[in-house]
Amino acid sequence: MALRVSLEWLGSCSGCEISFLNMGEELISLLTEHIDIVHAPLLMDHKYLGQTGDAEKLSLPEADVGFVSGGAGNTEHLDILEEMRRKCKVLVAIGTCATHGGIPALMNGQDRRRSWQEIFQTVTTDPGSAVPDIEVPGPLDRVYGCDEKTTIDLLLPGCPPNPSLIREVIMAQVEEREMVLPQRSVCETCPAKREGKGEVAKVRRFLVNARYKSDEELETMRCLLEQGFMCLGPVTLAGCAGTGAPRCIHARVPCRGCYGPVRRGGNQMLDMMNAMASNGIQYKTVVDRRSILRFSGAHGRLRPLKKRE
Ligand code: SF4
Ligand code: SF4
Ligand code: SF4
């Protein structure tokens, strides 16, 4: 019998669903041989409140594996997440927004009330209007990772996860075996040349190109951190390019940390400070340390700064 697969999105950009589609021909063989997609807002018409929209309760179909992308930032997200938990035997948080807050959780670094006033109620929108609380779902106090709000069986980070990782999760269920997912850091899969610690005392922003020869292999480029750029490879989970070189490094650009911390519960900012200190780099030279949490601001990591009186 085909594995019933359900996809759902919360505060999501749909990039994770696009990555699902990016399995390409592999998806066709999955669909013809192994899976049956029972719900996917990006692909098919299935309403939360029945096809005519007049059901009283939100309802989703039952599934063997449910993928939920995006963080939880409003009350509707919570309802959907709870319904997915009820209806899916295995619930997978897919993408860094769902596992660590991702880009929507950047909002956690701001004072929520002040943001509403300064962003949504300015003279260019609707001065003095009230924050809506009917017809649109009310906002939560911050953006949450899915596992902060319900039990999640598997966290599959990535912005978005590589299609091969999504396929591996599905095939492990189909074949009833352990899945093989990345455990190492971006650095451990990076071919850039490392020459040793201690030469760089400061990091700088990526405002000029790294030093490399475009006609030479990546292996001849010196590690970007050793070139003085803020590369988050040491504190970021690998897997963005499947088994190849990390995507940004391949483009000669520092890793921005989009797969979140290497280990569940890791703190990319503290881990990076430690990595820099052990390499003799002054962490005070990082222009905005909190930006290291740009993909992992849920779980209380990113909080509003206390305003100086
Ligand atoms: S993890 Fe990235 S691709 Fe997926 S929903 Fe979030 S921002 Fe989009
Ligand atoms: S710091 Fe960046 S460039 Fe250097 S090895 Fe790690 S991932 Fe590669
Ligand atoms: S190199 Fe880093 S930022 Fe770039 S895609 Fe991979 S994990 Fe994401």
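Scroll up to find the structure this text is about.
Below you will find a few notes about this structure. (Residues numbered from 1 in each chain as written. Chains lettered and ligands numbered in written order. Predicted model: local features only at pLDDT ≥ 70, side-chain atom pairs only at ≥ 80, totals over all residues. Heavy atoms only, no water.)

**A short note on helix α6 (residues 163–174)**
Three or four residues apart is the spacing at which side chains of an α-helix point the same way, because the helix has 3.6 residues per turn. A rise of 1.5 Å per residue sets the reference length of α6, with its 12 residues, at 16 Å; its end C-alpha atoms lie 17 Å apart and thus fit the reference within 8%. Just downstream of α6 lies Glu176, where phi reads positive at about 50°. (Helix = DSSP H or I, 4+ residues; strand = E, 2+ residues; numbered from the N terminus. Expected span 1.5 Å × (residues − 1).)

**Some words on the packing of aromatic side chains**
Following the criterion strictly, the structure yields 2 aromatic pairs and no others. Between Phe206 and Phe229 the ring centres are 5.2 Å apart and the planes differ by 80°, which places this aromatic pair in the edge-to-face class. In this pair, Phe206 sits in the loop between α6 and α7 (247–250) while Phe229 sits in the loop between α6 and α7, placing the two residues 23 residues apart along the sequence. For the cation-ring pair, Lys149 lies above Tyr144, with the distance from its terminal atom to the ring centre recorded as 4.0 Å. Taking NZ or CZ as reference, Arg204 lies 4.3 Å from the ring centre of Phe229, over its face. (Phe/Tyr/Trp six-rings, centres within 6.5 Å; stacked < 30°, edge-to-face > 60°. Lys NZ or Arg CZ within 6 Å of the ring centre and 35° of its normal.)

**Description of a nonpolar patch on the surface**
Residues Ile18, Leu21, Leu42, Leu43 and Met44 make up a contiguous nonpolar surface patch of roughly 360 Å² in combined accessible area. Positionally, Leu43 belongs in the loop between β2 (35–39) and β3 (63–69). On the accessibility criterion, Leu43 (43% relative accessible area) is partly exposed. (Patch = residues over 30% accessible without salt bridge, like charges linked within 9 Å, V, L, I, M, F, W, Y side chains within 5 Å. Areas by Shrake-Rupley, 256 points an atom, 1.4 Å probe, with all protein chains shown as cover. Salt bridge = Lys/Arg side-chain N within 4 Å of Asp/Glu carboxyl O. Buried < 20%, exposed > 50% of the residue type's maximum accessible area, 1.4 Å probe, protein only.)

**So, the site of ligand 1**
In the region of ligand 1, the neighbouring residues are Ser12, Cys13, Gly15, Cys16, Gly95, Thr96, Cys97, Gly158, Cys159 and Pro160. Those elements giving two or more residues to the shell around ligand 1 turn out to be α1 (15–21) and α4 (96–100). Looking at the shell around ligand 1 residue by residue, the classes come out as 5 nonpolar, 5 polar and no charged. (Near = heavy atom within 4 Å. Nonpolar A, V, L, I, M, F, W, Y, C, P; charged D, E, K, R; others polar.)

**Quick word on the side chain of Ser296**
In this fold, Ser296 is placed in the segment after α8 (268–278). Side-chain polar atoms of Ser296 contact the side chain of Gln268, separated by 2.8 Å. In this structure, Ser296 is in contact with His100, Pro261, Gln268 and Arg301, ignoring residues within four places of it in sequence. (Polar contact = N/O pair within 3.5 Å; in protein donor to acceptor, adjacent residues only side chain to side chain. Contact = heavy atoms within 4.5 Å.)

**Considering the nonpolar core**
Within the largest apolar cluster, 28 residues are counted, with the highest numbers of intra-cluster contacts made by Phe20, Ile35, Phe67, Val92, Leu156, Ile166 and Ile170. Only β1 (3–9), α1, α2 (25–33), β2, β3, β5 (88–94), β7 (154–156) and α6 provide two or more residues apiece to this core. Element by element, the count of residues in this core is highest for α6, at 5 residues. Other than its neighbours up to four places away in sequence, Ile35 contacts Ala2, Leu3, Val5, Phe20, Leu30 and Ile170. Among the nonpolar cores identified, the runner-up in size contains 27 residues, and Val200, Phe229, Cys231 and Met269 belong to it. (Core = buried A, V, L, I, M, F, W, Y, C linked by side-chain atoms within 4.5 Å.)

**What to know about the pattern of salt bridges**
This structure, assessed with the given rule, holds 14 salt bridges. A salt bridge links Glu83 to Arg86; its shortest N-O distance comes to 3.0 Å. Residue Glu83 and its partner Arg86 are located together in helix α3 (residues 75–87), separated by 3 residues, close to a single helical turn. Judged by relative accessible area, which is 4%, Glu83 ranks as buried. A salt bridge links Lys87 to Glu83, with the nearest nitrogen and oxygen atoms 2.7 Å apart. A residue pair is termed a helical-turn pair when its members lie 3 or 4 positions apart in one helix, as Lys87 and Glu83 do in helix α3 at 4 residues. When salt bridges with common partners are traced through the structure, they connect Lys193, Glu195, Arg222 and Glu226 into a single cluster.

**Here's the deal with unusual backbone geometry**
Glycine aside, negative phi is the norm for most residues, and most peptide bonds take the trans geometry. In this model, Cys159 is joined to Pro160 through a cis peptide bond whose omega is -5°. Tracing the backbone through its elements, the reader meets Pro160 in the loop between β7 and α6. Positioned with a positive phi, His299 is a non-glycine residue whose angle comes to about 55°. Turning to its location among the elements, His299 is positioned in the segment after α8.

Note that all results are geometric; they support no functional claim without further evidence.
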